[in-house]
Amino acid sequence: MRNEPRHPGTFRLIVTGGGTGGHTYPALTAIRTLQNRLAVEGRSLDVLWIGTAEGLEARVARAEGIPFATVATGKIRRSSNPLKMMSAANMRDMARVPLGVAQARKLVADFLPDVVLATGGYVAVPAGLAARMCRRPLVLHEQTVRLGLANRKLAGSATRIAVSSESTLPLLAAEVRGAAVVTGNPIRPEVLTGHADKAVQSLGLHGFDRRLPTVYVTGGAQGAQQINGVVRDSLSWLLEGANVIHQCGPDHVEELRRYATALPAGLAARYYLTGFVGPELPDVLALADIVVSRSGAGTLAELTALGKPAVFIPLATSAGNEQAHNASHLEESGAAVALLGDVTADRLRAAVGPLLADPARREAMARSARALGRPDAADRLVDVVLAAAAG
């Protein structure tokens, strides 16, 4: 990664961010989109990803063949109590930040990127600060309605701040608002290519009644005990009026399968339980009429791009309560129902029931969701990156 003569047709990009899929996958989608854009122009992309060795970004970069470098990082454990912010763990991690900045500065100085793209997570801070020190353009991308902690720290150094929602703009500090541009949150393009009939064939959903709406329940790759519990307690009621695909997480399959054995045969045929939905996800989403899920930024981006009515049960422990903010934003726009606080089976039935009973209500919610969706977000973000490089 030493400073090497660059080919005039090569664009150099440093990407930094990760820790979770919400920060990692938008970065990956932006890399792929930029690579394709440059290829059309007969140019190439030279990319370096700066992250942590234990983060999701390390596995993703390795799988994609993207050069990867690590820097020391410090994760700040947030608390409303200032004394708890001064914990030994926080003090120890904060002491690592200067080392991480020094390491990142050397990487940036050696690589000489045209742009540094930071997508959030605490690992983005050292490389973002290094971009300013080395006078390289810095583009931030924020996936959630409110800026995350890392992006708030870097906002004053950014050439451009790409945000996913118009609602973010008034929440920005006045001195950085002029650098902001709404791009949306990049989603994997394959999510938009699903076919409902393929889901029926690949998952063997031949017991589904296609005259009834289909509800897709997901708690993410590992499942969510909260969502599983309220769906289990509502399952017989749900299956009276819907088909249900329930992605419950690998650790929860056996418990829910035992519960499902007590269902009448006619209802059981309309219940598909799985630990994990993989490559068939685009087809499952195409089949779904309603989605019950967490409200992470990536989920919102995909569901609005597809125009899917949703009932959100936010993760209460998400950083800065961002999932509740995300869900409330969509509810205020008529694009979803947000179940905040203590969620019971009764509350789930009250949210889902009107959508199951009224196709017109589902379609109105779908229209509102599509109005918020930005399926071209990756291209918009690439436009911002290229413009930042051009000055």
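Cut-offs and rules
Residues numbered from 1 in each chain as written. Predicted model: local features only at pLDDT ≥ 70, side-chain atom pairs only at ≥ 80, totals over all residues. Heavy atoms only, no water. Helix = DSSP H or I, 4+ residues; strand = E, 2+ residues; numbered from the N terminus. Contact = heavy atoms within 4.5 Å. Areas by Shrake-Rupley, 256 points an atom, 1.4 Å probe, with all protein chains shown as cover. Lys, Arg positive; Asp, Glu negative; His and termini not counted. Charge placed at Lys NZ, Arg CZ, Asp CG, Glu CD. Pairing = 2+ DSSP bridges. Axes fitted to C-alpha atoms, helices over the stretch in contact; angles between N-to-C directions. Core = buried A, V, L, I, M, F, W, Y, C linked by side-chain atoms within 4.5 Å. Buried < 20%, exposed > 50% of the residue type's maximum accessible area, 1.4 Å probe, protein only. Right-handed = clockwise from strand over helix to strand, strands pointing away. Phe/Tyr/Trp six-rings, centres within 6.5 Å; stacked < 30°, edge-to-face > 60°. Lys NZ or Arg CZ within 6 Å of the ring centre and 35° of its normal. Parallel < 35°, antiparallel > 145°, perpendicular 65-115°, else oblique. Salt bridge = Lys/Arg side-chain N within 4 Å of Asp/Glu carboxyl O. 1 Å grid on protein atoms, 1.4 Å probe; cavity = no way out; pocket = protein on both sides within 12 Å on 5 of 7 lines; lining within 4 Å. Points joined across faces, edges and corners; volume = space filled by probe spheres on them. Nonpolar A, V, L, I, M, F, W, Y, C, P; charged D, E, K, R; others polar. Expected span 1.5 Å × (residues − 1). Arc of directions from axis to C-beta.

## Some words on the overall build of the protein chain
For the protein chain, the helix and strand inventory stands at 17 helices and 13 strands. Summarising its shape, the C-alpha atoms of the protein chain cover approximately 70 × 55 × 40 Å along the three principal directions. Nonlocal contacts in the protein chain, meaning residues at least 24 apart in sequence, comprise 67% of its contacts between residues at least 6 apart. Approximately 17,200 Å² of the protein chain is accessible, and the part contributed by carbon and sulfur atoms is 53%. Separation of charge centres in the protein chain, based on 42 positive and 34 negative side chains, amounts to 6 Å.

## A short note on the sheet that holds strand S5 (residues 138-142)
As a general point, the strands of a sheet are linked pairwise by backbone hydrogen bonds and lie either parallel or antiparallel. In space, the seven strands of this open sheet follow the order S3-S2-S1-S4-S5-S6-S7, with parallel pairing throughout. Edge strands, defined here as strands with exactly one partner in the open sheet, are strand S3 (68-70) and strand S7 (180-182). If you compare each strand with its neighbour and ignore which way they point, the axes differ by 25° on average.

## Some points on the nonpolar core
Buried together is how nonpolar side chains tend to be arranged in soluble globular proteins. Judged by nonpolar contacts, the single largest core of 34 residues is most densely connected at Ile-14, Ile-50, Leu-138, Leu-140, Leu-154 and Ile-161. For this core, the secondary structure elements donating two or more residues are strand S2 (44-51), helix H4 (88-111), strand S4 (115-118), helix H5 (124-133), S5, helix H6 (149-154), strand S6 (160-163) and S7. Examining the composition of this core, we find that six residues originate from one element, H5, more than from any other. Excluding residues that lie within four positions of it along the chain, Ile-161 makes contacts with Leu-140, Leu-147, Ala-155, Val-176, Ala-179, Ala-180 and Val-181. One finds Val-253, Leu-267, Ile-290 and Met-365 within the second-largest nonpolar core, a separate group that totals 32 residues.

## Here's the deal with the pairing of S6
Bridging between S5 and S6 involves four bridges; their strand directions are parallel. Within S6, the residue paired with Val-139 across the bridge is Arg-160. Between the parallel pair S5 and S6, the chain is carried across by H6, and the sense of this crossover is right-handed. For S6 and S7, the ladder comprises three bridges, and the chain directions are parallel. Opposite Ile-161, over in S7, you have Ala-180 as the bridge partner.

## Focus on the packing of aromatic side chains
Scanning the entire structure with this criterion turns up zero aromatic pairs. The ring of Phe-111 has Arg-12 sitting right over it, with the charged end atom 5.5 Å from the ring centre. One Lys or Arg, Arg-188, reaches over the ring of Tyr-25 and ends 6.0 Å from the middle of that ring.

## Some remarks on the packing of helix H15 (residues 345-357) against helix H16 (residues 359-372)
Taken N-terminus to C-terminus, the directions of H15 and H16 make an angle of 105°; their axes are 5 Å apart at the nearest point. As judged from the angle between their axes, H15 and H16 are roughly perpendicular. Where H15 abuts H16, its residues Pro-354, Leu-355, Leu-356 and Ala-357 lie against Pro-359, Arg-361, Arg-362 and Met-365.

## Observations regarding the pattern of salt bridges
Applying the stated rule across the entire model yields 17 salt bridges. We note a salt bridge from Arg-37 to Asp-383, for which the minimum N-O separation is 3.0 Å. Placement of the pair is Arg-37 in helix H1 (residues 21-40) and Asp-383 in helix H17 (residues 377-390), with a sequence separation of 346 residues.

## With respect to the environment of Phe-208
Of note, Phe-208 is situated in the loop between helix H8 (196-203) and strand S8 (214-218). By relative accessible area, Phe-208 is classed as buried at 8%.

## Side note on the sheet that holds strand S9 (residues 243-247)
The strand order across the open sheet built from six strands is S10-S9-S8-S11-S12-S13, with neighbouring strands paired in parallel fashion. With one partner strand each, in any of the chains shown, strand S10 (271-274) and strand S13 (336-338) form the two edges of the open sheet. For this sheet, the mean angle separating the axes of adjacent strands, direction not counted, is 15°. Helix-sheet contacts for helix H9 (residues 225-241) involve S8, S9, S10 and strand S11 (290-293), and the interaxial angle to S9 is about 165°.

## Concerning empty space enclosed by the protein
Throughout the structure, instances matching the rule amount to one cavity of 30 Å³ or more. Of the volumes computed, that of the largest cavity is approximately 30 Å³. Leu-13, Ala-30, Ile-31, Leu-34, Leu-117, Val-382 and Val-385 together form the lining of the largest cavity. Counting only elements with at least two residues in the lining of the largest cavity, the list comes to H1 and H17. The element contributing the most residues to the lining of the largest cavity is H1, with three residues. For the lining of the largest cavity, the residue count by class is seven nonpolar, no polar and no charged.

## Considerations on H17
Over its 14 residues, H17 runs 20 Å from end to end, which matches the ideal 20 Å to within 8%, given 1.5 Å per residue. Residues Ala-377, Ala-378, Leu-381, Val-382, Val-384, Val-385 and Ala-388 constitute the buried set of H17. Within H17, the buried residues cover an arc of 155° as seen down the axis, which keeps them to one side. Here the buried face of H17 lies against strand S1 (10-16), H1, S4, S5, S6 and S7.

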